[in-house]
Amino acid sequence: MRNKAIKYISLVLLGASLTACERVIDLNLPDGSGLPYVDAWITDQPGVQTIKFLKATEYQSQTDAEAIGDAQITVTDVTAGKSYPFTYANGAYNYDAGTDHIGVVGHNYKLSINWKGEQFEATDTLKRSSIIDSLTSEYKEVDGGDKAGYYVKLYAHDPVGAVDFTWIRTYRNGQLNYYVGEMLSADGTFGEGTDNISDGFTFIPPFRDGVTSGDKPYDKGDVVKVLFRSLSKPSYQFMEQVQTQLTNDGLFGKVLTNVPANVFNLQSTSKTKIYGWFGTVAEISATKKVE
């Protein structure tokens, strides 16, 4: 009995020590200069392609990032020898491919930015997509911590050959479903993207069940869309680091680090940098109305 009491007191003291040292501190951080960065994802879909070139605001600022409109931006299909000039309008750079498309699976692409008299470049390869087989839905009563409602399941599989990286996004009635996280797959599993772990098999259960939140299941009549975006290995590793930073919290959270960029200044002696990422993706999707 005495040992149990000691253990209990130890736990109480540990909890007190963790909470007693909490203190609100007002930080007087210097403003610094806004860092320029790009948000550039080119797809294999027809229509308008958009690249954002922005200047980050200060850490404590409540304003949106400022658009940079004085650059010349071009995307080049290196494999096909075609260039696509992007035009600035309404806070972003756009290219309207009409019924055609820029992205082609297997082609290499280069982003070129001419800004303030300096030239910047980034490259990526557009990879094939994994395969969505079907979406199903089933009504479930309250189960443990999960609420009653319709639960949608994703069935997909990895194509044979090579390691295929996939960025999975879920939409509810046309809007990104923020109750479920965006998922990253390597051959239908979780991994570092270095090994061909399960080539050609179905996606594991966490992906199948990951398009529905137990806190907010779907209602009858909801339209659920699951989007697959293929990724090159560098883009997959970039997205992994972004995801880690966004979900990094708690007592044992990792120390924050700078997420890498793939935009390089061709003037090796210049100190000017552009942050962010240029990536190319092939997109496929499946949609289901919950009934």
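Residues numbered from 1 in each chain as written. Predicted model: local features only at pLDDT ≥ 70, side-chain atom pairs only at ≥ 80, totals over all residues. Heavy atoms only, no water.

Student: Sorry, what's going on with the overall build of the protein chain here?
Tutor: The helix and strand tally for the protein chain stands at three helices and 17 strands. Put simply, the protein chain has 291 residues, and 37% of those count as buried. Put simply, 65% of the contacts in the protein chain that link residues at least 6 apart link residues at least 24 apart. Here the protein chain has roughly 17,200 Å² of accessible surface; of this, 53% comes from carbon and sulfur atoms. (Helix = DSSP H or I, 4+ residues; strand = E, 2+ residues; numbered from the N terminus. Buried < 20%, exposed > 50% of the residue type's maximum accessible area, 1.4 Å probe, protein only. Contact = heavy atoms within 4.5 Å. Areas by Shrake-Rupley, 256 points an atom, 1.4 Å probe, with all protein chains shown as cover.)

Student: Even after reading the chapter, I still don't get the pairing of strand E10 (residues 149-157), so can you show me in this structure?
Tutor: In the case of a regular strand, side chains alternate between the two sheet surfaces. In terms of burial, E10 is a largely internal element, seven of the nine residues being buried. Across nine bridges, strand E9 (residues 131-140) lies against E10 in antiparallel orientation. When the sheet's bridge partners are listed, Ile132 is paired in E10 with Ala156. (Pairing = 2+ DSSP bridges.)

Student: What should I look at first to understand the side chain of Asp164 in this one?
Tutor: Within the fold, Asp164 resides in the loop between E10 and strand E11 (165-172). According to the relative accessible area criterion, Asp164 is buried, its value standing at 4%. One polar contact links Asp164 to Arg128, side chain to side chain, over a distance of 2.7 Å. Leaving out residues up to four positions away in the same chain, Asp164 has contacts with Arg128, Ser130, Asp158, Pro159, Ser185, Ala186 and Asp187. (Polar contact = N/O pair within 3.5 Å; in protein donor to acceptor, adjacent residues only side chain to side chain.)

Student: Is there a simple way to explain the pattern of salt bridges in this structure?
Tutor: Pairing between side chains of opposite charge can happen when the charged atoms of each approach one another. As enumerated under the stated definition, the model contains eight salt bridges in all. Across the salt bridge formed by Glu182 and Arg169, the nearest N and O atoms sit 3.0 Å from each other. Within this pair, whereas Glu182 is found in the loop between strand E12 (175-176) and strand E13 (183-186), its partner Arg169 is found in strand E11, the two being separated by 13 residues in sequence. Assessed through its relative accessible area of 29%, Glu182 is described here as partly exposed. (Salt bridge = Lys/Arg side-chain N within 4 Å of Asp/Glu carboxyl O.)

Student: How do you make sense of the nonpolar core when you look at a structure like this?
Tutor: Soluble globular proteins: nonpolar side chains tend toward being buried together. Ile51, Phe53, Ile73, Phe86, Leu111 and Ile113 are the most contacted members of the largest nonpolar core, which has 24 residues in total. No other element matches strand E7 (residues 108-115), which puts four residues into this core. In contact with Ile51, not counting residues within four places along its chain, are Asp39, Ala40, Ile42, Ile73, Val75, Phe86, Ala92, Tyr93 and Leu111. The next biggest cluster of nonpolar side chains, apart from the first, holds 17 residues, and it includes Leu154, Phe207, Tyr218 and Val224. (Core = buried A, V, L, I, M, F, W, Y, C linked by side-chain atoms within 4.5 Å.)

Student: Any chance you could explain helix H3 (residues 233-246) here in plain terms?
Tutor: Each full turn of the α-helix corresponds to 3.6 residues, which orients residues three or four apart in the same direction. Its 14 residues give H3 an end-to-end C-alpha distance of 20 Å, which sits within 8% of 20 Å, the value for a rise of 1.5 Å per residue. On its buried side, H3 packs onto strand E1 (36-43), strand E8 (118-125), E11, E13, strand E14 (223-231) and strand E16 (275-281). (Expected span 1.5 Å × (residues − 1).)

Student: Explain the packing of aromatic side chains to me, please; I cannot follow it from the model alone.
Tutor: What describes a pair of aromatic rings is the distance from one ring centre to the other and the angle between the planes of the rings. Applying the stated criterion across every chain, the model contains 11 aromatic pairs. Here Trp41 and Trp167 contribute two aromatic rings whose centre-to-centre distance is 5.2 Å and whose plane-to-plane angle is 65°, an arrangement assigned as edge-to-face. Here Trp41, found in strand E1, pairs with Trp167, found in strand E11; they are 126 residues apart in sequence, far enough to count as distant. On the basis of relative accessible area, Trp41 is assigned to the buried category, the value being 12%. Under the relative-accessibility criterion, Trp167 is labelled buried at 7%. (Phe/Tyr/Trp six-rings, centres within 6.5 Å; stacked < 30°, edge-to-face > 60°.)

Distances and angles like these do not, on their own, reveal function.
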